[in-house]
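Residues per chain, in single letters:
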Amino acid sequence: MSHAPNAVPNHVAIILDGNGRWAKKRGLERHEGHRAGALNLRDIALTAADCGVNVLSVFAFSTENWQRPKEEVDRLMALPAELDEVLWDKLEAAQISIRFSGRRDRLKPDTRDLMAELEAKTFTHTRMVLNVCLDYGSKDERLHATKSIAQAALDKKLSLETLDITTLSSALYTQGLPDVDFLIRTSGEQRLSNFLLFQSAYAELYFTRVLWPDFKPKRFKRALKVYQKRTRKFGGVKG
Ligand code: FPP
């Protein structure tokens, strides 16, 4: 199975890296970098939807990010509520469906409520899904999925003979979303950092040295052009 030339990737995933360095370069606090990163996320989400991308997943906060200084974590966690008019309203108005993947039990009730409200308000939007991965980690996701499958087997709601990849996929936080076609990481780091590992099994990878707040729509479109030149084989032969 090779994809049609010039196809737009169905599912793009982005590791939004480099906010801290972007702020430092400007003599700003790290939080200002995260804020600029969130505003850039809005612009890239709108661009991705314009380009015909169906799902955009972004790594907003990892299961490991709790190790950062408390002040940075607190301010990052306060960001979703601060971004109503400048981020969420714009995405809603563009008919983008917003959903969140990851653990919810460690988030503040206000954050959880806001997430549920955004998901409910935009559930029927069909232009693109913006999947915000928050307190997300692939290892944690796999553990969560394994526990729910084991429990279903113990409860005799699922037999191990019929357990397949589709069942496993639907036990993940990204249930219902297609596999990742194109994974972008900004800021020069070349690793996956526990992000959508199962879903990115055959993703094309794209690394750029540009820091996330500087990764503007033009650069995103350039990256899509690079994707379009790749040959995907999914373990088969070039067809
Ligand atoms: C990595 O940059 C970025 C993060 C850990 C946070 C990403 C979050 C946003 C862009 C905000 C999106 C927010 C919402 C609520 C949708 P870094 O801090 O590791 O940068 P550095 O490596 O240069 O220090």
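Going by the structure above, here's the rest.
Note that the structure is a prediction, hence the values are computed from the model and not measured. (Residues numbered from 1 in each chain as written. Predicted model: local features only at pLDDT ≥ 70, side-chain atom pairs only at ≥ 80, totals over all residues. Heavy atoms only, no water.)

If a probe as big as a water molecule is rolled over the atoms, it shows which places are left empty. By volume, the largest pocket is sized at about 680 Å³. Taken together, 32 residues form the lining of the largest pocket, with Leu-16, Asn-19, Phe-59, Ala-60 and Phe-61 sitting closest to its centre. Those elements giving two or more residues to the lining of the largest pocket turn out to be helix 1 (19–25), helix 2 (30–51), strand 2 (55–62), helix 3 (70–82), helix 4 (84–93) and strand 4 (128–136). Here the lining of the largest pocket gets five residues from one element, more than from any other, and that element is helix 2. Along the lines of polarity and charge, the residues of the lining of the largest pocket split into 17 nonpolar, eight polar and seven charged. Each pocket or cavity is described by its volume, and for the second largest pocket that value is around 210 Å³. Lining the second largest pocket are Ser-97, Ile-98, Arg-99, Phe-100, Ser-101, Gly-102, Arg-104, Glu-119, Phe-123, Val-129, Tyr-173 and Leu-177. With five residues, strand 3 (residues 96–101) is the single largest residue contributor to the lining of the second largest pocket. (1 Å grid on protein atoms, 1.4 Å probe; cavity = no way out; pocket = protein on both sides within 12 Å on 5 of 7 lines; lining within 4 Å. Points joined across faces, edges and corners; volume = space filled by probe spheres on them. Helix = DSSP H or I, 4+ residues; strand = E, 2+ residues; numbered from the N terminus. Nonpolar A, V, L, I, M, F, W, Y, C, P; charged D, E, K, R; others polar.)

Applying the stated criterion to the full structure yields 22 salt bridges. The salt bridge partner of Glu-29 is Arg-75, with a shortest N-O separation of 3.2 Å. Of this pair, Glu-29 sits in the loop between helix 1 and helix 2 while Arg-75 sits in helix 3; the two residues are 46 residues apart in sequence, bridging distant segments of the chain. On the basis of relative accessibility, which here comes to 48%, the residue Glu-29 falls in the partly exposed class. Arg-75 sits in the partly exposed class, given a relative accessible area of 30%. Here Glu-117 makes a salt bridge to Lys-121, at a shortest N to O gap of 3.8 Å. With Glu-117 and Lys-121 both in helix 5 (residues 109–122) and four residues apart, this pair spans about one turn of that helix. With relative accessibility at 43%, the residue Glu-117 sits in the partly exposed group. Put simply, Asp-17, Arg-21, Arg-185, Glu-189 and Arg-191 are held in one network by salt bridges that share partners. (Salt bridge = Lys/Arg side-chain N within 4 Å of Asp/Glu carboxyl O. Buried < 20%, exposed > 50% of the residue type's maximum accessible area, 1.4 Å probe, protein only.)

Okay, the environment of Thr-122 next. Tracing the backbone through its elements, the reader meets Thr-122 in helix 5. For Thr-122, a relative accessible area of 0% gives the class buried. Considered as a pair, Thr-122 and Ala-93 are 29 residues apart in the sequence and their alpha carbons are 9.6 Å apart. For Thr-122, the residues in contact, after removing those within four places along its chain, are Glu-92, Ile-96, Ser-97 and Ile-98. (Contact = heavy atoms within 4.5 Å.)

Further remarks concern the site of the ligand. For the ligand, the set of nearby residues contains 16 residues, the closest of which are Leu-16, Gly-20, Arg-21, Arg-30 and Arg-68. Here an oxygen atom of the ligand sits 3.0 Å away from a polar atom, N or O, in the main chain of Gly-20. At 2.7 Å from an oxygen atom of the ligand is found a main-chain nitrogen or oxygen belonging to Arg-21. Contact with the protein chains removes 91% of the 630 Å² of surface that the ligand exposes when unbound. When atoms are counted within 2 Å of each cavity's grid points, the one that captures over half of the ligand is the largest pocket. (Near = heavy atom within 4 Å. Polar contact = N/O pair within 3.5 Å; in protein donor to acceptor, adjacent residues only side chain to side chain. Areas by Shrake-Rupley, 256 points an atom, 1.4 Å probe, with all protein chains shown as cover. Sits in = over half its atoms within 2 Å of the grid points.)

It is worth spelling out the packing of aromatic side chains at this point. Under the criterion given, the structure shown has ten aromatic pairs. Geometrically, the ring pair formed by Phe-59 and Tyr-136 is edge-to-face, given 6.0 Å between the ring centres and 75° between the ring planes. Residue Phe-59 is found in strand 2, and its partner Tyr-136 is found in strand 4; the two are separated by 77 residues along the sequence. Phe-59 sits in the buried class, given a relative accessible area of 9%. An aromatic cluster of at least three residues, connected via ring pairs, comprises Phe-59, Tyr-136, Tyr-173 and Phe-195. (Phe/Tyr/Trp six-rings, centres within 6.5 Å; stacked < 30°, edge-to-face > 60°.)

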